[in-house]
Amino acid sequence: MIHLFWIFPLTVTLSYSMVPFLFSRVFAMGVLKKDKQQKGVALTFDDGPDPAYTPQLLTLLDQHNIKATFFVLGEKAEKHPEIIRDIHQQGHLLAIHNYTHVPNWMLLPKQVREQHIHKTANILYNITGEKPTLYRPPWGLLNLFDYSISKQFHIVLWSKMFGDWKWGEQDVAKRSAQLVKQFKKGDIVVLHDSDQTFGAKKQAPTYMLRSLAQSLEQLQHTVPFVRLDELQHVQQPFIPLWKKIVVKTWLLWDKAILKTIHITPVDEENKFIQIRIRPYSGKGNILLENGDMLSKGDRIVELHLNNEMLHELGKHSTSIIQLSVQLIQRTKQLLPKIKAYIDQEQFADVKGLYSITMVHQGTTRLGFTTQDLPDNIFGTWTKKYLQWMMMIVHPQGVKRLKNQSKPLHPKIITMSRKALFEKYQ
């Protein structure tokens, strides 16, 4: 009886903690540790948001046009919702790292699910309008019952950890060189943007940021960086057969219409943006950012996105924000081509660029100005059509439109000829 007295609780403890530790950390069963497709390096940051370090990190990532994944603590998200909004609006992915930084081995299964995972998911939803789908337990420690959440959340660990929570000033050069050497396609890298958790050295994120900044200067043109939801393991949304048929039919119809009205790609090698030059036919005048007035009859470049390519992007975007980031990046690549195209004598009277789009977040960073559609029959029907199109483009379009914190409304976006030529030399 004495032996049974301690053997039974020991067996339970091993089953609850050590067995899932072996399954997840050693054999990667039921978790994502590395991207076998090797699309790029997935930078992930744990333990934030932190008012001292997370804004600095966001600035650094923006300088290098890198999108990352932030595994945040619900308690900190409640205290700093403005930072959560900044993370979200800048196109990064938000994920769950429990409500507080307590290991799951010390919690009952119900506590993990209700008081940490779902509570944090609801906090992030209330701030951003989108529910997270990824979860990383503190210290990567799962208990046996955590696998039950896999239908709702992908469990993500890492393939590279550098101990950055204990870095000091003397480590910066050495760690920077280490990051440059060890960042490889397929890696999921974990770093930390807070020094408030147990075992963390004060100001360690300062030195992490310096090391990361130095390494990115060397890596930005050689290694692609991706958000975790860009990996195939956490995508693959289910698309019912009826929707596949509707999408295929609509895309064929769309292609035929564009051909009929002579809308053509601005670049035959990159057909993401298609254009036609026509007289502006709107009833109201539009004030451009340089003070010019766009009036009826003025010639414009009308921009159209390639809806077939847009649909492919939508299949791999988990949110309107992520889709917007992809659109901004691709549009930025093609604006110099548009400038070169209209820099011809026959287009000297073109006043600027014009489009109506549902996905307009971030267009001001490219030099566009935005304004609401007119409150008339044209505006109403355009809004309904573009909302319907967004539901078609995105595999989970209806759900995504409903889950936005603010209703999505199409906007008119414009850029004057002068602004285009000044910004895209």
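Located above this text is the structure these notes cover.
Residues numbered from 1 in each chain as written. Predicted model: local features only at pLDDT ≥ 70, side-chain atom pairs only at ≥ 80, totals over all residues. Heavy atoms only, no water.

Caption draft 1: Spotlight on the packing of aromatic side chains. As enumerated under the stated definition, the model contains 5 aromatic pairs in all. Look at Tyr 341 and Phe 347: their rings are 5.2 Å apart centre to centre, the planes differ by 20 degrees, and that puts the pair in the stacked class. Taken together, Phe 162, Phe 183 and Phe 225 form an aromatic cluster joined through their ring pairs. Here the guanidinium or amino end of Arg 330 rests over the ring plane of Phe 272, the centre of that ring lying 5.5 Å away. (Phe/Tyr/Trp six-rings, centres within 6.5 Å; stacked < 30°, edge-to-face > 60°. Lys NZ or Arg CZ within 6 Å of the ring centre and 35° of its normal.)

Caption draft 2: Representation of the sheet that holds strand 15 (residues 411-416). Taken in spatial order, the 6 strands make up an open sheet running 8-9-12-13-15-14, and their pairing is mixed. Lying at the two open borders of the sheet, with one neighbouring strand each, are strand 8 (264-265) and strand 14 (369-372). As defined by bridge partners, strand 14 adjoins strand 15 across 4 bridges and the pair is classed as antiparallel. Along strand 15, the bridge assignment pairs Asp 372 with Lys 411. (Pairing = 2+ DSSP bridges. Helix = DSSP H or I, 4+ residues; strand = E, 2+ residues; numbered from the N terminus.)

Caption draft 3: Inspection of the pairing of strand 13 (residues 352-357) at higher detail. Most of strand 13 sits out of view: 5 of its 6 residues are buried. Two strands pair when backbone bridges link them, and strand 12 (residues 299-305) and strand 13 are joined in this way by 3 bridges, in the parallel orientation. Across the sheet, residue Glu 302 finds its bridge partner in strand 13, namely Tyr 354. Across 6 bridges, strand 13 lies against strand 15 in antiparallel orientation. Bridged to Ser 355 within strand 15 is Ile 413. (Buried < 20%, exposed > 50% of the residue type's maximum accessible area, 1.4 Å probe, protein only.)

Caption draft 4: View of the packing of helix 6 (residues 172-182) against helix 7 (residues 204-219). At their nearest, the axes of helix 6 and helix 7 sit 8 Å apart, and the two run at 45 degrees to each other. Classified by the interaxial angle, the pair formed by helix 6 and helix 7 is oblique. Seen along the crossing, helix 6 lies across helix 7 with a hand that is right-handed. Contacts between helix 6 and helix 7 pair Val 172, Ala 173, Arg 175, Ser 176, Leu 179 and Val 180 from the former with Tyr 207, Arg 210, Ser 211, Leu 212, Gln 214, Ser 215, Gln 218 and Leu 219 from the latter. Of the residues contributing to the contact of helix 6 with helix 7, the split by class is 7 nonpolar, 5 polar and 2 charged. (Axes fitted to C-alpha atoms, helices over the stretch in contact; angles between N-to-C directions. Parallel < 35°, antiparallel > 145°, perpendicular 65-115°, else oblique. Left-handed = near helix turned anticlockwise from the far one by under 90°. Contact = heavy atoms within 4.5 Å. Nonpolar A, V, L, I, M, F, W, Y, C, P; charged D, E, K, R; others polar.)

Keep in mind these values describe shape, not function.
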